[in-house]
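Here is how the chains run, residue by residue.
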Amino acid sequence: MCHPPRLEHLKLLIDGTLYKCYIICYSTYPFFQSCLILPGGNGRRKMSAIPLEAEGYTGAMLRKVSGGGKGTLYIVPLQDELDLSPLPANAPEFALMPKASCKHCFAEMPLQMLALHDCKCASHTSPDLEIISDDDDDDVQFPEVLQTPVPVQMTEEDHCPQQKGDVQCPICGISFPVLLIEEHASHCGQRTEDTTSPERELHPETDDISCEEDVIMWLKSKVDTSKTFELCVSRDNMFERGLKLWKRNKKATPINPLRIKFLGEAGIDTGALRKEFLTTMVSGIEQRLFEGVKSKMPKYSVNDFDEELFRIAGEIFATSIAQGGPAPRFLQRWCYNFLVSGKLSLDQVLDPSLSPLITTVAEASDMTDYIADIMDCGYTGKIDMEHKENILRAIGLHVMTKRMPMLQQLREGLDIYGFSQVMQAKTEECRSLFVAGDDESSCLGPSLYYTMVDSHYITSHLALVMSERGCNKHHKETQILEHFQDFLHELEVAEPDATSEDITTVPSVMQWITGQAHRHLLLSDRQNFKITVKFDHDCHKMPNHTICYPTVSACTDTITFPVAHMSDYGSFKNVMTTAIKYGVGFDRA
């Protein structure tokens, strides 16, 4: 900071070498003239520098230090020249900007700089430019005036020679006329949807997809982190409320990171709550909107179709696969084929899983008792044993065609990440994410990694925090681990008879500890997955209590067993069952 010069100081400088400097100051800063006639302060006016904050001088900060505009601020003239040269492409200021590589020189730079660079780069690498050899110039005599370099004003046509035909955009891979490629490249990559071509081509990076894991990684790369898709739901009615809130949310889209908040709980979603919500939603959609035994197809429900629940189901499926949830691996093969192509596949029209009537008619020796049911399926031909195959095809087609609107709506929901286009290009790689029992396209080949969690999957990923070997505490901790293993094995054996939602299963134990009931879809996630097991030997120090329950942290995949209350298997089973049933919230059981 500096204060205006006093009048007597200027009189001394007028005859000196600074006279011209002050003449310039008068013309540039008119307020100096008013300062000359106000010599108060005796040359000792106290000035204080305003500290520079990280974001620079803001209006709010200047308003504060000036007392709401009552004080006078003076600007110190810059003593250095400003560097106005453009920043390089690898400058730290461009670190967070989307980047792409030049097609000619393969240099990586921000998308906003690519159009200008492409024009300059093409002028040096254009195949249309002719190179004249030195041998052709030996006999040519140039006038002396032409040998002197003269600045020439280059036109846009001279600076960036135009090529004939279409040019492929290096960002999206779509071909455009030469005159339009620069304008397209200047904003390519910033659009939320493609408006340049009615048939949008796939990004070249999809060519690298060779297995199911590549599909998941591709979907994860499409998550837009500029916003968050936040939902606040209740645990008591999570599925129904989740469907309604998913449909109502207009502030963001499911392509943004999903963040879940449970009503009345203090939990912060760092990934575990999202996985728990997606696990519940995918399981609820399977039971609510689909029907079948092992493999399923959409229910014929006009009400659900009218409320667009199948579109929401498609969005939830795509979000679940992209953001760490389970895959909907329960569809029938013909349903997946329709999601890929949008057309019915007639090679499975005789599949008995389509309708119980197919099995009944196929095993019948007389069609008389089933004439009404057959005609209700739209069959208008002759009903007898000689036309049994035609009758069975009519039944199968009737079941399929009734569900085409539901599948089409489901297909629209899946396309929120551009998933439908990936399924068309990589049909076999995506199949095992939807069709029950299809593991052939997995990177690991046929395996059990894509089925529900079993006891071995949990026990093989335990990271134990135990006392020193040989002491009494270590012996008790070993017994509890054996009880835990027996508990999981008992649940696994009893699971086929579990028909009620209240019955504890191995997947529900997994969901209670980690938030998800499915095996991790990515190999890297499976390799890094660990459940930390701790033991509490000091719960007896808590006064006035008779029982303690295990505590879990789904954010860190940690479970703590109270040693004093799990000495035998009977007490271990009772305590664990109660904790899993009533301890899903963020409170101490």
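Keep in mind that what you see is a predicted model, and the values were worked out from it rather than measured. (Residues numbered from 1 in each chain as written. Predicted model: local features only at pLDDT ≥ 70, side-chain atom pairs only at ≥ 80, totals over all residues. Heavy atoms only, no water.)

### Here's the deal with the nonpolar core
Here is step 1: In terms of nonpolar packing, the biggest core is built from 74 residues, with Leu 231, Phe 277, Ile 316, Phe 419, Met 423 and Phe 434 touching the most fellow members.
Here is step 2: A per-element tally of this core places helix 12 (residues 309-322) first, with nine residues.
Here is step 3: The residues touching Phe 419, leaving out its near neighbours within four places in the chain, are Val 215, Leu 219, Ala 318, Ile 321, Leu 414, Cys 430, Leu 433 and Phe 434.
Here is step 4: Listed in part, the 27 residues of the second largest apolar core include Phe 484, Ile 559, Val 563 and Met 566. (Core = buried A, V, L, I, M, F, W, Y, C linked by side-chain atoms within 4.5 Å. Buried < 20%, exposed > 50% of the residue type's maximum accessible area, 1.4 Å probe, protein only. Helix = DSSP H or I, 4+ residues; strand = E, 2+ residues; numbered from the N terminus. Contact = heavy atoms within 4.5 Å.)

### Structural notes on the side chain of Gln 516
Here is step 1: Positionally, Gln 516 belongs in the loop between helix 22 (506-514) and helix 23 (523-528).
Here is step 2: Residue contacts for Gln 516: discarding those within four places in its chain leaves Lys 275, Thr 279, Gly 324, Met 510 and Gln 511.

### Here we look at the packing of aromatic side chains
Here is step 1: Overall, the coordinates contain 12 aromatic pairs when judged by the stated rule.
Here is step 2: Considering the side-chain rings of Phe 290 and Phe 317, the 6.4 Å spacing of their centres and the 35 degrees angle between planes classify their relative orientation as tilted. In this pair, Phe 290 sits in strand 7 (residues 290-292) while Phe 317 sits in helix 12, placing the two residues 27 residues apart along the sequence.
Here is step 3: Using a relative accessible area of 2% as the deciding quantity, one classes Phe 290 as buried.
Here is step 4: For Phe 317, a relative accessible area of 0% gives the class buried.
Here is step 5: Cluster of aromatic residues (ring-pair linked, three or more members): Phe 484, Phe 487, Phe 535, Phe 561 and Phe 572.
Here is step 6: Directly above the aromatic system of Phe 262 lies the positively charged group of Arg 235, at a separation of 3.9 Å from the ring centroid.
Here is step 7: The cationic tip of Lys 402 hangs over the ring face of Tyr 300; the distance from NZ or CZ to the ring centre is 4.5 Å. (Phe/Tyr/Trp six-rings, centres within 6.5 Å; stacked < 30°, edge-to-face > 60°. Lys NZ or Arg CZ within 6 Å of the ring centre and 35° of its normal.)

### Concerning the pairing of strand 5 (residues 229-233)
Here is step 1: Burial along strand 5 is one-sided: the residues Phe 229, Leu 231 and Val 233 are buried and none of Glu 230 and Cys 232 is.
Here is step 2: As paired elements, strand 5 and strand 6 (residues 258-262) share five bridges and run parallel to each other. Within strand 6, the residue paired with Glu 230 across the bridge is Arg 259.
Here is step 3: For the segment spanning strand 5, helix 9 (residues 238-248) and strand 6, crossover handedness is right-handed. (Pairing = 2+ DSSP bridges. Right-handed = clockwise from strand over helix to strand, strands pointing away.)

From the geometry alone we can't say anything about function, so treat these as descriptive.
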